Amino acid sequence: MPKIPVPKIPDAVVPPPLRKPAKPGAGGTPKGQAPEDLKTAPERQSHGDKLLDRGKEAPIDALAWVDQRLAASGFLTGMLYRKVPKGTNWFYTLGSATLFAFIVQAVTGVFLAMYYTPSATQAYHSIAHINNDVPLGQLVHGMHKWGSSVMVILIFLHMGRTFFFGAYKYPRELNWVIGVVLLILTMTMAFTGYLLPFDQRSFWASIVGININGTGPVVGPYLSDFLRAGPELGATTLSRFYAIHMLLVPGAIIALIGAHMYLVVKLGTTAPPWVRAERPKVAAPTAALDAGANGNGRVNGHRVDGAPVDGEGNGSL
Ligand code: HEM
């Protein structure tokens, strides 16, 4: 098997060796030679070397400065090194994959917003301009368009994982409810984003979507009126969808993902249903009582001293 080269650890992050000061007269450095660390001692370094050393340590110093004020490293260490249950597997990556898809959507969306014009007369042309003229425009637009489907698929798979692993049960009900709201908001993003190119397909698909919303009980008609923002789908609808897609829903999603992640870290994740919880070791007096309650004087097949055996002292008359 080919050997994988080990990456070099930057000197700046390697702590200086801790040395015990040598006893006077004890061996170590041969006579007449300066010890190794004295040769490189700061007072022997040239001004340029000192500056270089300071420069190398600058990023770490800056991080330490921020950390002293935020105390973030304790939180990050706790979060990144937290224990996960036995049996944790690839299905547990679906939540992080959904998060990654959301981040891709947010980043590509920011770049698209730099060139997109939310006007009924210019929206279509601005998208054509992004695709045809802007450097990497077609790639970024494609990532955002296909990424929306990826996020919807991932969120459903993640929801399925949490459902089938029973992660919606106590004490994670609130995280499930937050997840349901995140699902609705993600669907809202996909729906409102679809109108933005303002071509024939997005126009007619949005009419269908708004009409479906209108069939909902009680609030349905109000919801479709709100979405259409007028008697017909037109310029006002586009402005409304744009505001929902760009401002309202992303803000809510970011806040809710924050709450969702907080609860994941605070409560930990659920073990897969096929991993059985280990029985805590039973203390001797309880073992005796347990064995008595079994009526056979045994715990896990072993005889327990002092435990009443079958039919003896079992409360039975
Ligand atoms: C933007 C959408 C979402 C993101 C970014 C997200 C992210 C995450 C992440 C990273 C985890 C921890 C790792 C894992 O179990 O995969 C998690 C756990 C969880 N999520 Fe989500 N999630 C989202 C949507 C949802 C939805 C739609 C539901 C359900 C309706 C949901 C319910 C849960 C539950 C119950 C847990 C705890 C899992 C456990 O304890 O094992 N999440 N989520």
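Check the entry above for the structure.
Remember, predicted model here, so these are calculated numbers, not experimental data.

Novice: Mind laying out the overall build of the chain, listing which residues take part and the relevant values?
Specialist: Regarding its fold elements, the chain presents 11 helices and 2 strands. Walking the chain from its N terminus toward its C terminus, one meets helices and strands in the order α-α-α-α-α-α-α-α-α-α-α-β-β. Counted over contacts in the chain with a minimum sequence separation of 6, partners at least 24 positions apart contribute 61%. Carbon and sulfur atoms make up 67% of the accessible area of the chain, which amounts to about 22,800 Å² in all.

Novice: Explain the side chain of H260 to me, and be specific about the residues and the numbers.
Specialist: By the secondary structure assignment, H260 is in helix α10 (residues 235-267). Classification of H260 as buried rests on a relative accessible area of 13%. At 2.9 Å, the side chain of H260 forms a polar contact with the side chain of N175. Discounting residues that sit within four places of it in the chain, H260 has contacts with H158, N175, I178, G179 and L182.

Novice: Any details on the nonpolar core? Residues and values, ideally.
Specialist: In this structure, Y116, L195, F198, L238, V249 and I253 are the most contacted members of the largest nonpolar core, which totals 25 residues. Elements represented by at least two residues in this core include exactly α4 (94-113), α5 (123-132), α6 (137-164), α7 (173-195) and α10. Residue contributions to this core peak at 7 residues, all from α10. Apart from residues no more than four positions distant in its own chain, V249 is found in contact with L185, T188, M189 and I244.

Novice: Tell me what's going on with the pattern of salt bridges, and back it up with residues and numbers.
Specialist: Taken as a whole, this structure holds 1 salt bridge when the rule is applied. Among the ionic pairs, D225 bridges to R228, the shortest N-O distance being 3.3 Å. Here the residue D225 and the residue R228 both occupy positions in helix α9 (residues 220-228), the gap between them amounting to 3 residues, near one helical turn. Residue class for D225 comes out partly exposed when judged on its relative accessible area of 47%.

So, how was this worked out
- Residues numbered from 1 in each chain as written.
- Predicted model: local features only at pLDDT ≥ 70, side-chain atom pairs only at ≥ 80, totals over all residues.
- Heavy atoms only, no water.
- Helix = DSSP H or I, 4+ residues; strand = E, 2+ residues; numbered from the N terminus.
- Contact = heavy atoms within 4.5 Å.
- Areas by Shrake-Rupley, 256 points an atom, 1.4 Å probe, with all protein chains shown as cover.
- Buried < 20%, exposed > 50% of the residue type's maximum accessible area, 1.4 Å probe, protein only.
- Polar contact = N/O pair within 3.5 Å; in protein donor to acceptor, adjacent residues only side chain to side chain.
- Core = buried A, V, L, I, M, F, W, Y, C linked by side-chain atoms within 4.5 Å.
- Salt bridge = Lys/Arg side-chain N within 4 Å of Asp/Glu carboxyl O.

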